[in-house]
Amino acid sequence: PNIIDEADRLKSKTVAAHILPSYWTNVQIPDNDAFDQMIYVDSSLHETFNKLLEVTYREKATQDRKCPKRFESERCPKTPGGCPCVKPGGFPGLPTGYRVRRVVRV
C-alpha cells in the first residue's frame, strides 16, 4: 500500500483559515487545508434529502440506460428515449423513486 504522511503534505500548503466559517470541520483541525474528509450527515437530515429527491424525480428514460434483460441476445437495441423495457409502464420499467440511505459530505 502507498502510505501518505498527511503531516508532511499539509506543511507545504497554506490556507487563510480566518476567512472560513469556524463551524467547518476542517477549520477545527489545526493546519488542515486538505478538505478531503468524508463526513456522514446526521440521519435526522435524511428526510430533507428525501424530499429533494421526491420533488426533482422525473420518469424519463434515456438511451444510455441499458436494457435490463439478462441475456445479450434478448436485449433491445440502443434506442433514443430508451428501450420499452425501461420506459414508464415497461417491464421492469424505471425506478418509481429514490430514497436516501446515507448522505456523505465531501
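Everything that follows concerns the structure shown earlier in this document.
Reading guide: rules and limits
Residues numbered from 1 in each chain as written. Predicted model: local features only at pLDDT ≥ 70, side-chain atom pairs only at ≥ 80, totals over all residues. Heavy atoms only, no water. Helix = DSSP H or I, 4+ residues; strand = E, 2+ residues; numbered from the N terminus. Buried < 20%, exposed > 50% of the residue type's maximum accessible area, 1.4 Å probe, protein only. Contact = heavy atoms within 4.5 Å. Areas by Shrake-Rupley, 256 points an atom, 1.4 Å probe, with all protein chains shown as cover. Salt bridge = Lys/Arg side-chain N within 4 Å of Asp/Glu carboxyl O. Phe/Tyr/Trp six-rings, centres within 6.5 Å; stacked < 30°, edge-to-face > 60°. Patch = residues over 30% accessible without salt bridge, like charges linked within 9 Å, V, L, I, M, F, W, Y side chains within 5 Å. Core = buried A, V, L, I, M, F, W, Y, C linked by side-chain atoms within 4.5 Å.

Enquirer: Hey, could you go over the overall build of the protein for me, with residue numbers and the actual values?
Expert: Helix and strand content of the protein: 2 helices and 2 strands. Within the span of the protein, comprising 106 residues, buried residues form 16% of the whole. Considering only contacts in the protein between residues 6 or more positions apart, those separated by 24 or more positions represent 45%. A total of about 9000 Å² of accessible surface is found on the protein, and carbon and sulfur atoms cover 55% of it.

Enquirer: Help me get a handle on the pattern of salt bridges, residues and values and all.
Expert: Enumeration over the complete set of coordinates arrives at 1 salt bridge. Arg 75 is paired through a salt bridge with Glu 72; the nearest N and O atoms lie 2.7 Å apart. Taking relative accessible area as the criterion, Arg 75 reaches 34% and is therefore assigned partly exposed. Among the residues examined, Glu 72 registers a relative accessible area of 61% and is labelled exposed.

Enquirer: Can you break down the packing of aromatic side chains residue by residue, with the values?
Expert: What the rule picks out here adds up to 1 aromatic pair. Here Tyr 57 and Tyr 98 contribute two aromatic rings whose centre-to-centre distance is 5.6 Å and whose plane-to-plane angle is 70 degrees, an arrangement assigned as edge-to-face. Highlighted residues: Tyr 57 in the loop between α2 (46-56) and β2 (104-105) and Tyr 98 in the loop between α2 and β2, separated in sequence by 41 residues. We classify Tyr 57 as buried; its relative accessible area is 18%.

Enquirer: If you had to explain a nonpolar patch on the surface to someone new, which residues and values would you point to?
Expert: Judged by side-chain polarity, Met 38, Tyr 40, Val 104 and Val 106 come together as a nonpolar surface patch covering roughly 470 Å² of accessible area. Structurally, Met 38 is set in the loop between α1 (6-11) and β1 (39-40). On the basis of relative accessible area, Met 38 is assigned to the exposed category, the value being 62%.

Enquirer: Describe the nonpolar core, and please don't skip the residues or the numbers.
Expert: Within the largest apolar cluster, 7 residues are counted, these being Tyr 57, Ala 61, Cys 67, Cys 83, Cys 85, Val 86 and Leu 94. For Ala 61, the residues in contact, after removing those within four places along its chain, are Gly 81, Gly 82, Val 86, Lys 87 and Leu 94.

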